[in-house]
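Tertiary structure, described
As a plain string of letters, each chain reads:
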Amino acid sequence: MLKEFICILCPNGCTVQADIDEKNSIKSINGAGCQGGIAYVRQELTDPQRTISSSVLVKGGALPLASVRLSHPVPKNRIFDVMEQIKAVTLIAPVRTGDVILSNVLGLGSDVIVTKDVEEI
């Protein structure tokens, strides 16, 4: 069976085709512009991962929200679980870039990190 992917590793967005058998084993991969595209398709077929960028509420801040991101990708099927954890957080200003607001979220080996300073008002 032929599966088609759009590689998201760089702006080229290569269209990559993977020929897989009934056990989801890869027979061949074509169309990748680099080795990264091949690795991306292999991971998508065996263990799809994603990163998350979001925002959290800040009380007493010059801004109402602070942007956050994950330190490492998490399994694609756990994105909504991680987002529930992020949505439950409310910070108190001041907030600093690099602050870890959730360490090892859901035991997935990824921290939720602040990416924008929010000063206290």
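Up top is the structure these notes are about.
In this report, the structure presented in the accompanying data block is examined. (Residues numbered from 1 in each chain as written. Predicted model: local features only at pLDDT ≥ 70, side-chain atom pairs only at ≥ 80, totals over all residues. Heavy atoms only, no water.)

1. Section: the sheet that holds strand β3 (residues 26–30)
Sheet strands line up and pair through hydrogen bonds in the backbone, either parallel or antiparallel. Filter applied, for reference: The pairing criterion is simple: DSSP has to find at least two bridges between the two strands. Secondary structure elements are taken from DSSP: a helix is a run of H or I of four residues or more, a strand is a run of E of two residues or more, and numbering for both begins at the N terminus. Axis angles are defined between N-to-C directions and span 0 to 180 degrees, where every axis is a line fitted to C-alpha atoms and, for a helix, only to the segment in contact.
Across the sheet, 3 strands lie side by side as β1-β2-β3; this open sheet has antiparallel pairing. Each edge of the open sheet is held by one strand with a lone partner, namely β1 (2–6) and β3. Neighbour-to-neighbour, the strand axes of this sheet turn through a mean angle of 20 degrees, independent of strand direction. In terms of strand pairing, β1 meets strand β2 (residues 15–20) through 5 bridges, oriented antiparallel. The residue bridging Lys-3 from the neighbouring strand is Ala-18, located in β2.

2. Observations concerning the pattern of salt bridges
Condition: By convention in these notes, a salt bridge is any Lys or Arg side-chain nitrogen within 4 Å of a carboxyl oxygen on Asp or Glu. The classification of residues rests on relative accessible area computed with a 1.4 Å probe and restricted to protein chains. Under 20% of the type maximum is buried, over 50% is exposed, and intermediate values are partly exposed.
Considering all chains together, one arrives at 5 salt bridges under this definition. Its salt-bridge partner being Asp-19, residue Lys-27 comes within 4.0 Å of it at the nearest N-O pair. For Asp-19, a relative accessible area of 24% gives the class partly exposed. Linking Glu-44 and Arg-50 is a salt bridge whose minimum nitrogen-to-oxygen distance equals 2.7 Å.

3. Quick notes on unusual backbone geometry
For the bond running from Ala-93 to Pro-94, omega is 0 degrees, close enough to zero to count as cis. Examined against the element boundaries, Pro-94 turns out to sit in the loop between β8 (90–92) and β9 (100–102). Positioned with a positive phi, Asn-104 is a non-glycine residue whose angle comes to about 50 degrees. Relative to the elements of secondary structure, Asn-104 occurs in the loop between β9 and β10 (112–114). Phi is positive for Leu-106, close to 55 degrees, though the residue is something other than glycine. Relative to the helices and strands, Leu-106 resides in the loop between β9 and β10.

4. Looking at the sheet that holds strand β5 (residues 53–59)
Applied cut-off: A contact between two residues is defined here by any heavy atoms of the two lying within 4.5 Å.
An order of β8-β5-β6-β10-β9 is seen for the 5 strands of this open sheet, with the pairing classed as mixed. Each edge of the open sheet carries a strand with a single partner, namely β8 and β9. Pairs of neighbouring strands in the sheet enclose a mean axial angle of 45 degrees, with direction left out of account. The strands touched by helix α2 (residues 79–87) within the sheet are β5, β6 (65–70), β9 and β10, with β5 carrying the most contacts at an inclination of about 15 degrees.

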